[in-house]
Amino acid sequence: MATVIYPSPIFGPVHSRRLGVSLGINLLPADGKFCTFDCIYCECGYNKDHRPHAKLPSRKEVCEALEKKLKEMQENGPEPNVLTFAGNGEPTSHPEFAGIIDDTLMLRDRYFPEAKVSVLSNATFIHKPEVFAALNKIDNNILKLDTVDSDYIRLVDCPTGHYDVNRIIEGMKAFHGNLIVQSMFLKGKTETGVDVDNTTDRYVLPWLDVVKEIAPRQVMVYTIDRETPDHALQKATQEELDRIVALLEKAGIKASASY
């Protein structure tokens, strides 16, 4: 199976369906995956298949590598639209995450002040004060909420530790709108034959009610785009994603879809 394991600490730039020209910042080791989720749709594969052996990049290493790359891009292009924390797992799990965010904002302001700073997170560490404060400083605080159904979360997102979706929802509400909710919609069955279609009203309507309570400034809905570790999964259709976007917009919430 083709999986994507990203270099560390800097990769790209790449073209993001949602963000444009994105320079990636990977706070996890370059030789494997470390995440508090083990999603059956993750392009990086399953956690057990890509155990890292290298150490996490230090705050200093991230800062030096990022400055070197930004200098290169300033001289040779392209100009980044966004500096995106993503890569081989959950970026907010890094113990120096808050300081790295401060460094990144400083370097962004120095080299490409028009670029946005984004973090793609599964929200499992937003209860930590330092992570919460750091996410409140950036331009795009993008937090995952694929569903509000606990059984579906265990089946598809597969948290590796204790995960209370209600606690996550309350944590998202605490941002008072300073966040973007990102939600994956897909279809098909798992390799064991369990239906994972979350595009139906059974999943969409309760999720929509919660999103209204969270009141994010935007919702990004998307579907699988690359090969997944569970091969039986299928993309949601454009029509299905458009229907979800229409429901959000009817509720007064800005929304976009990536097909």
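Scroll up to find the structure this text is about.
Model, not experiment: these values are computed from the prediction. (Residues numbered from 1 in each chain as written. Predicted model: local features only at pLDDT ≥ 70, side-chain atom pairs only at ≥ 80, totals over all residues. Heavy atoms only, no water.)

(A) Representation of the overall build of the protein within the structure. When its secondary structure is counted, the protein shows seven helices and 10 strands. The C-alpha radius of gyration of the protein comes to 18 Å, within 12% of the 18 Å expected for a compact globule of 259 residues. Counting only C-alpha atoms, the protein reaches 50 × 40 × 35 Å along its principal axes. For the protein, the proportion of its 259 residues judged to be buried stands at 54%. Approximately 11700 Å² of the protein is accessible, and the part contributed by carbon and sulfur atoms is 49%. Separation between the mean location of the 30 positive side-chain charges and that of the 37 negative ones in the protein comes to 2 Å. (Helix = DSSP H or I, 4+ residues; strand = E, 2+ residues; numbered from the N terminus. Rg over C-alpha atoms; globule rule 2.2 N^0.38 Å. Buried < 20%, exposed > 50% of the residue type's maximum accessible area, 1.4 Å probe, protein only. Areas by Shrake-Rupley, 256 points an atom, 1.4 Å probe, with all protein chains shown as cover. Lys, Arg positive; Asp, Glu negative; His and termini not counted. Charge placed at Lys NZ, Arg CZ, Asp CG, Glu CD.)

(B) How the structure looks around unusual backbone geometry. Following Ser 8, the chain continues to Pro 9 via a peptide bond in cis, the omega torsion being 5 degrees. Inspection of the secondary structure assignment puts Pro 9 in the segment before β1 (10-16). In this structure, the amide linkage connecting Gly 12 to the following residue, Pro 13, adopts the cis form with an omega of 15 degrees. Inspection of the secondary structure puts Pro 13 in strand β1. Unlike most non-glycine residues, His 176 shows phi in positive territory, near 50 degrees. With respect to the secondary-structure elements, His 176 resides in the loop between α5 (165-173) and β6 (180-184).

(C) Examining the packing of aromatic side chains more closely. Under the defined criterion, the tally for this structure stands at six aromatic pairs. Judged by centre distance (5.3 Å) and plane angle (85 degrees), the ring pair of Phe 185 and Trp 207 falls under edge-to-face. Of this pair, Phe 185 sits in the loop between β6 and β7 (186-188) while Trp 207 sits in helix α6 (residues 201-214); the two residues are 22 residues apart in sequence, bridging distant segments of the chain. Both residues of the pair, Phe 185 and Trp 207, belong to the buried class. (Phe/Tyr/Trp six-rings, centres within 6.5 Å; stacked < 30°, edge-to-face > 60°.)

(D) How the structure looks around the pattern of salt bridges. Under the definition given, this model contains 16 salt bridges. Measuring nitrogen to oxygen at the nearest pair gives 3.1 Å for the salt bridge that ties Lys 48 to Asp 49. Looking at Lys 48, the relative accessible area reads 56%, which means it is exposed. Salt-bridge contacts for Glu 67 lead to Arg 110; the nearest nitrogen and oxygen are separated by 2.8 Å. Taken together, the residues Glu 67 in helix α1 (residues 59-76) and Arg 110 in helix α2 (residues 97-111) connect sequence positions 43 residues apart. (Salt bridge = Lys/Arg side-chain N within 4 Å of Asp/Glu carboxyl O.)

(E) Just the packing of α5 against α6, in detail. Here α5 crosses α6 at 35 degrees, and the two axes come no closer than 8 Å. On α6, the residues touching Ile 169, Met 172 and Lys 173 of α5 are Val 210, Glu 213 and Ile 214. For the contact of α5 with α6, the class distribution of residues is four nonpolar, no polar and two charged. (Axes fitted to C-alpha atoms, helices over the stretch in contact; angles between N-to-C directions. Contact = heavy atoms within 4.5 Å. Nonpolar A, V, L, I, M, F, W, Y, C, P; charged D, E, K, R; others polar.)

(F) Highlighting the sheet that holds β1. Strand order across the open sheet formed by eight strands is β1-β2-β3-β4-β5-β6-β8-β10, with mixed pairing between neighbours. The open sheet has two edge strands with one neighbour each: β1 and β10 (255-258). Strand-to-strand, the axes of this sheet are offset by a mean angle of 25 degrees, without reference to chain direction. Looking at chain direction, strand β8 (residues 218-222) and β10 are connected through four bridges and run parallel. Counted as the bridge partner of Tyr 222 is Ser 258 from β10. (Pairing = 2+ DSSP bridges.)

(G) Region of the structure containing the nonpolar core. Residues Tyr 41, Leu 135, Met 172, Trp 207, Val 219, Val 221 and Leu 248 are the most contacted members of the largest nonpolar core, which totals 74 residues. With seven residues, the single largest contributor to this core is α6. Non-local contacts of Trp 207, meaning those with residues more than four positions away in its chain, are made with Leu 145, Asp 146, Thr 147, Val 148, Ser 183, Phe 185, Val 219, Val 221, Ile 244 and Leu 248. Core analysis: the next-biggest nonpolar cluster, separate from the first, contains five residues, Val 82, Ile 142, Ile 180 and Met 220 among them. (Core = buried A, V, L, I, M, F, W, Y, C linked by side-chain atoms within 4.5 Å.)

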